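Spelled out from the first residue to the last, the chains are:
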Amino acid sequence: MSISDTIVKSSRASTPLAALVNSGCKAVGGIFRLDYARAVVLTDDWRKSQAGGVPHGAFLLAAAGAQTTEGFALDDEELILLRVDGTAPLPNETDLVQTRLAVVRDAGDSGKGFDDVTDELTRNELQQSAFDCEVLGTFYTEPTSTRMEFGSDIDNVVSSARYQVFLPSQEVLSRIASYPEPSTDDILTIGVVRFASTRRRSRAAGVDSAEVHVHIDDFVARKTAVFGMTRTGKSNTIKTLVTAVYQHSMSAESKIGQLIFDPQGEYANENTQDQTGLRLLGDSPDEVRVYKERPDPSKPIDRALRINFLDPATLSTVWAMVQQEVAESSSSGAQYMAGFRGVSMEEPDPSDFSALNHFERNRLAFYALLERAGISGPLDSTRVTLGTTLIGDLPKGPAIANLTTNGRYAYLSHTSAAKALLEWLQQQNGSNSANMSQSWTDDFNTGELADILKAMEGRAGDAAIKRLKPFHDPTAIGDIGELVWDDMIAGRLVIIDLSQGNGTVVKTLSERVVTTLLNHARDDFADGKTPIPFQIVVEEAHNLFERGAKEVAGNPWVRLSKEAAKYKIGLMYATQEVSSVDQRILSNTSNWLVAHLNSDNETRELSHYYDFKTWAESIRRVEDQGFVRMKTYSGKYIVPVQIAKFDHAMINVARVAAGLQPIEAG
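Worth saying up front: this structure is predicted, and the values here are computed from it rather than measured.

Novice: Please set out the overall build of the protein chain residue by residue, giving values where relevant.
Specialist: Helix and strand counts for the protein chain stand at 23 helices and 23 strands. With the principal axes as the frame, the protein chain shows a C-alpha extent of 120 × 55 × 45 Å. Counting every position in the protein chain, which comprises 666 residues, the buried fraction comes to 52%. Pairs at least 24 residues apart make up 72% of the contacts formed inside the protein chain by residues separated by at least 6 positions. Split by element, the accessible area of the protein chain, about 29300 Å² in all, is 48% carbon and sulfur. The centroid of the 67 positive side-chain charges in the protein chain is displaced by 3 Å from the centroid of its 88 negative side-chain charges.

Following this line, the structure appears as structure tokens:
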């Protein structure tokens with residue numbers, strides 16, 4: 001070989017992609033059939049054993065070139081990335097099966113070992129096998145660059161005999177699993193590569209610790225799904241991601257608000273299993289706020305998850321809660337219930353006098369019903385337009401307590417006055433008083449006021465409101481949705497503990513908060529303001545999402561999926577059932593982390609997205625905690641990962657990034 005040939009081969013063995021192959025990758029065979037979608041790799045038992053085993057789903061690298069004294073030299077600056085889908089029959093498979101059958105028979109009959117009844121040539125032939133592989137794409141470099149690029153296909157099919165196939169080393173496997181490689185200020189080590197439940201050979205080969213790094217920005221302002229059965233590590237995954245986003249936002253000095261709906265109280269409290277908790281990411285309400293039904297007054301970050309039902313700012317929220325509770329428990333006729341569910345307590349334009357009159361009457365009925373159900377208290381001078389004739393008919397002695405008049409208006413300063421005034425008006429309507437306007441008569445008989453009164457008649461309505469009484473706090477200030485919006489703007493971590501609430505109330509409250517956030521974000525976007533990114537995290541999402549909901553406008557979760565991207569709002573949701581999530585949400589999900597699912601119905605639904613069909617059987621079979629198949633927004637292919645265990649060290653790293661002192665585990 002000439003000196004020039006030696007120099008050329010040496011240079012070809014030291015290019016960026018050749019250096020990848022020469023970084024401890026083990027040769028396992030060569031391609032003997034290749035097309036644009038699949039490849040068949042010829043291998044043998046000895047090479048597989050030397051490489052430490054080749055599990056199902058393993059990544060392989062195919063390279064055209066030759067082995068030299070300087071290392072493997074590439075003919076072309078590209079590597080084909082393959083994934084092992086299973087085994088493939090060899091062209092002489094029938095003969096091999098017959099030979100294996102004869103060997104097994106002869107060994108059994110003679111009592112000898114398999115090697116004793118075969119010659120060396122036969123043994124070598126019998127060890128031949130083949131992998132059926134999916135072509136994932138091509139790693140390559142441009143002529144003027146050393147940067148590794150990836151294309152999700154191959155742009156040429158050449159003689160497959162040119163390609164040798166390598167099993168990646170730990171270092172190379174980490175680079176493949178982490179592609180595209182995050183920068184140092186945008187990195188989360190989410191876990192290590194794991195292809196199989198059985199890990200004996202991967203540990204022996206030293207590839208069981210190949211770290212998987214992801215872009216934290218992939219999980220900001222985008223949709224992330226975490227699927228898996230109970231006790232498969234969904235909560236652990238969410239805690240890891242929430243902590244990473246918090247740490248990243250603090251390091252980048254660009255706070256990102258995060259809102260967690262916590263159905264089990266797992267995030268709102270320190271977990272005895274982890275000996276830590278997300279609430280420890282901050283020390284003050286400026287960093288972390290936890291809303292719960294029974295806050296601990298000694299803990300400054302705890303806030304009451306209650307609403308002042310009599311605060312005008314909370315009227316529409318409380319009314320939505322009452323509508324939901326009454327509708328699900330009332331036996332009233334469907335015609336009244338449909339009208340009742342359609343009543344809005346949003347205050348209309350003051351210039352629309354007709355709409356304003358109807359709103360005042362509906363509000364009067366609502367406060368009267370609260371008083372009747374035992375939720376009593378002062379009102380903020382609530383006005384009701386009666387007209388001068390009705391004002392003149394009001395009882396003079398004794399007058400209705402806590403009611404004053406001015407012109408044609410009555411002003412209520414207490415719910416007791418609302419109850420008394422409504423009862424008096426009902427009496428006037430029942431007696432066909434000539435002073436009752438046609439508008440009042442219509443409202444009492446066929447309008448929204450009639451729908452409210454009919455839906456709430458009897459004890460069922462009172463009982464429904466009484467079930468909401470634990471959420472009433474006369475000292476609470478403001479609408480919970482508005483408070484959380486302020487928290488998101490300030491970049492706080494907010495946890496809403498829903499573990500103590502009635503299921504209906506939890507659903508209504510959650511939807512109200514999300515609707516408020518979306519409406520504010522929509523208004524800011526319409527005003528041309530720069531969106532402020534924040535995250536919404538939903539555990540047990542199947543309890544909140546409704547598959548098949550037809551109206552986007554009435555479903556805040558579908559709205560979140562459809563509208564949130566332009567508002568820079570991220571959604572991270574966890575559930576046991578892929579099929580329970582609205583397809584419009586699934587279709588707009590960027591990040592997928594899928595652990596064990598025990599139903600082929602669920603894996604079949606999952607198989608509609610990306611290439612999860614390849615992993616369906618493994619997902620059903622393997623139940624190991626924290627073992628997920630992951631597809632991220634910037635990732636080009638699915639990577640099987642053993643998610644890192646959430647622990648107190650993660651909390652302290654994030655605290656330091658926020659300028660706080662580390663603390664001892666609980």
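Novice: Give a detailed account of the packing of helix α11 (residues 353-372) against helix α13 (residues 415-430), specifying residues and quantitative values.
Specialist: One can describe the packing of α11 onto α13 by two numbers: an axis separation of 7 Å at closest approach and a directional angle of 115°. The orientation of α11 with respect to α13, classified from their angle, is roughly perpendicular. The element α11 and its partner α13 pack so that their crossing is left-handed. Here Leu-364, Ala-365, Tyr-367, Ala-368, Glu-371 and Arg-372 of α11 come into contact with α13, specifically with Thr-415, Ser-416, Ala-418, Lys-419, Leu-421, Leu-422 and Leu-425. The class makeup of the residues in the contact of α11 with α13 is eight nonpolar, two polar and three charged.

Novice: Break down the side chain of Glu-539 for me, citing the residues and quoting the values.
Specialist: Residue position: Glu-539 is located in the loop between β19 (534-538) and α19 (556-567). Here Glu-539 sits buried without a salt bridge, and the closest side chain of opposite charge, Lys-234, lies 5.7 Å off (N-O distance). At 2.6 Å, the side chain of Glu-539 forms a polar contact with the side chain of Ser-235. A polar contact is formed between the side chain of Glu-539 and the side chain of Tyr-267, at a distance of 2.6 Å. For Glu-539, the contacting residues outside a window of four places in its chain are Ser-235, Ile-238, Phe-261, Pro-263, Tyr-267 and Ala-574.

Novice: Outline the pattern of salt bridges, supporting the account with residue identities and numerical values.
Specialist: Under the defined criterion, the tally for this structure stands at 26 salt bridges. Arg-38 is the partner of Asp-132 in a salt bridge, and the nearest nitrogen-oxygen pair spans 3.3 Å. Placement of the pair is Asp-132 in strand β6 (residues 128-140) and Arg-38 in strand β2 (residues 38-44), with a sequence separation of 94 residues. Measuring nitrogen to oxygen at the nearest pair gives 2.8 Å for the salt bridge that ties Arg-492 to Asp-487.

Novice: Tell me what's going on with the packing of aromatic side chains, and back it up with residues and numbers.
Specialist: Applying the stated criterion across every chain yields a total of 19 aromatic pairs. Aromatic side chains Phe-525 and Tyr-567 sit 5.6 Å apart centroid to centroid with 65° between the ring planes, which places their arrangement in the edge-to-face category. In this pair, Phe-525 sits in helix α18 (residues 503-526) while Tyr-567 sits in helix α19, placing the two residues 42 residues apart along the sequence. What links up through ring pairs into an aromatic cluster is the set Phe-59, Phe-139, Phe-150, Tyr-179, Phe-195 and Tyr-637. Of note, Arg-194 hangs over the ring of Phe-627, and the distance from its end group to the ring centre comes to 5.0 Å. Arg-383 extends its terminal NZ or CZ atom over the ring of Tyr-409, reaching a point 4.3 Å from the ring centre.

Novice: So, the layout of surface pockets: which residues are in play, and what are the values?
Specialist: Approximately 480 Å³ is the volume attributed to the second largest pocket. Along its surface, the second largest pocket is lined by 26 residues, and Arg-231, Gly-233, Ser-235, Asn-236 and Glu-266 are the ones closest to its centre. Sorting the residues of the lining of the second largest pocket by element identifies α8 (234-251) and β23 (639-643) as the ones contributing at least two each. A per-element tally of the lining of the second largest pocket places α8 first, with four residues. A per-class count over the lining of the second largest pocket returns five nonpolar, twelve polar and nine charged.

Novice: If you had to explain the sheet that holds strand β18 (residues 493-497) to someone new, which residues and values would you point to?
Specialist: The strand order across the open sheet built from twelve strands is β10-β9-β23-β22-β21-β11-β20-β19-β12-β18-β13-β14, with neighbouring strands paired in mixed fashion. Each edge of the sheet is formed by a strand with only one pairing partner; in this case those strands are β10 (211-214) and β14 (302-304). Looking at each pair of strands side by side, their axes are set apart by 25° on average, direction ignored. Here four bridges tie strand β13 (residues 288-292) to β18, and the two strands are oriented parallel to one another. Across the sheet, Arg-289 pairs through a bridge with Val-494, a residue of β18.

Novice: Before we move on, could you go through helix α15 (residues 448-456) and cite the residues and values that matter?
Specialist: Counting buried residues along α15, seven of its nine residues qualify, which places the element largely inside the surrounding structure. Listed as buried for α15 are Leu-449, Ala-450, Asp-451, Ile-452, Leu-453, Ala-455 and Met-456.

Novice: Describe the side chain of Thr-415, and please don't skip the residues or the numbers.
Specialist: Position of Thr-415 among the secondary structure elements: in helix α13. Its relative accessible area of 0% is what places Thr-415 among the buried residues. Among the polar contacts listed, one links the side chain of Thr-415 to the side chain of Glu-371, at a separation of 2.4 Å. Leaving out residues up to four positions away in the same chain, Thr-415 has contacts with Leu-310, Tyr-367, Glu-371, Ile-375, Ser-376, Gly-377 and Leu-379.

Novice: Give me the sheet that holds strand β15 (residues 378-385): which residues, what numbers.
Specialist: Strand pairing within a sheet occurs via backbone hydrogen bonds; the two strands may be parallel or antiparallel. Taken together, three strands build an open sheet; the order of strands is β15-β17-β16 and the sheet is antiparallel. For this open sheet the edge positions go to β15 and β16 (403-406), each flanked by a neighbour on one side alone. Each strand axis lies, on average, 20° off the axis of its neighbour in the sheet, ignoring direction. In the sheet, β16 pairs with strand β17 (residues 409-414) via four bridges, with the strands oriented antiparallel. Each residue of the ladder has a partner; that of Asn-406, found in β17, is Tyr-409. Where α11 meets the sheet, it contacts β15 and β17, and its direction lies at approximately 140° from that of β15.

Novice: Outline the pairing of β6, listing residues and values.
Specialist: Of all the 13 residues making up β6, ten are buried; the element is thus mostly covered by neighbouring parts of the structure. In the sheet, β2 pairs with β6 via seven bridges, with the strands oriented antiparallel. Paired with Ala-39 across the bridge in β6 is Cys-133. In the sheet, strand β5 (residues 78-87) pairs with β6 via nine bridges, with the strands oriented antiparallel. Within the sheet, the bridge partner assigned to Arg-83 lies in β6 and is Glu-134. By the bridge criterion, three bridges tie β6 to strand β7 (residues 149-151) in an arrangement that is antiparallel. What sits directly across from Tyr-140, in β7, is Glu-149.

Novice: Tell me about the environment of Leu-364, and name the residues and values.
Specialist: Mapped onto the fold, Leu-364 is located in helix α11. Here Leu-364 is in contact with Val-384, Leu-412, Ala-418, Leu-421, Leu-422, Leu-425 and Trp-440, once residues within four sequence places are set aside.

Novice: So what's going on with empty space enclosed by the protein? Residues and values would help.
Specialist: Take a probe with the size of a water molecule and roll it over the atoms, and the empty space left behind shows itself. Going through the model one piece at a time under the given rule, you end up with two cavities of 30 Å³ or more. Of the voids in this model, the largest cavity is the one considered here, and its volume is about 100 Å³. Lining the largest cavity are 16 residues, with Ala-177, Tyr-179, Met-630, Thr-632 and Gly-635 sitting closest to its centre. Looking at the lining of the largest cavity, the elements with two or more residues in it are β10 and β22 (627-631). It is β10 that provides the largest number of residues to the lining of the largest cavity, a total of three residues. Taken together, the residues of the lining of the largest cavity sort by class into eight nonpolar, six polar and two charged.

Reading guide: rules and limits
Residues numbered from 1 in each chain as written. Predicted model: local features only at pLDDT ≥ 70, side-chain atom pairs only at ≥ 80, totals over all residues. Heavy atoms only, no water. Helix = DSSP H or I, 4+ residues; strand = E, 2+ residues; numbered from the N terminus. Buried < 20%, exposed > 50% of the residue type's maximum accessible area, 1.4 Å probe, protein only. Contact = heavy atoms within 4.5 Å. Areas by Shrake-Rupley, 256 points an atom, 1.4 Å probe, with all protein chains shown as cover. Lys, Arg positive; Asp, Glu negative; His and termini not counted. Charge placed at Lys NZ, Arg CZ, Asp CG, Glu CD. Axes fitted to C-alpha atoms, helices over the stretch in contact; angles between N-to-C directions. Parallel < 35°, antiparallel > 145°, perpendicular 65-115°, else oblique. Left-handed = near helix turned anticlockwise from the far one by under 90°. Nonpolar A, V, L, I, M, F, W, Y, C, P; charged D, E, K, R; others polar. Salt bridge = Lys/Arg side-chain N within 4 Å of Asp/Glu carboxyl O. Polar contact = N/O pair within 3.5 Å; in protein donor to acceptor, adjacent residues only side chain to side chain. Phe/Tyr/Trp six-rings, centres within 6.5 Å; stacked < 30°, edge-to-face > 60°. Lys NZ or Arg CZ within 6 Å of the ring centre and 35° of its normal. 1 Å grid on protein atoms, 1.4 Å probe; cavity = no way out; pocket = protein on both sides within 12 Å on 5 of 7 lines; lining within 4 Å. Points joined across faces, edges and corners; volume = space filled by probe spheres on them. Pairing = 2+ DSSP bridges.

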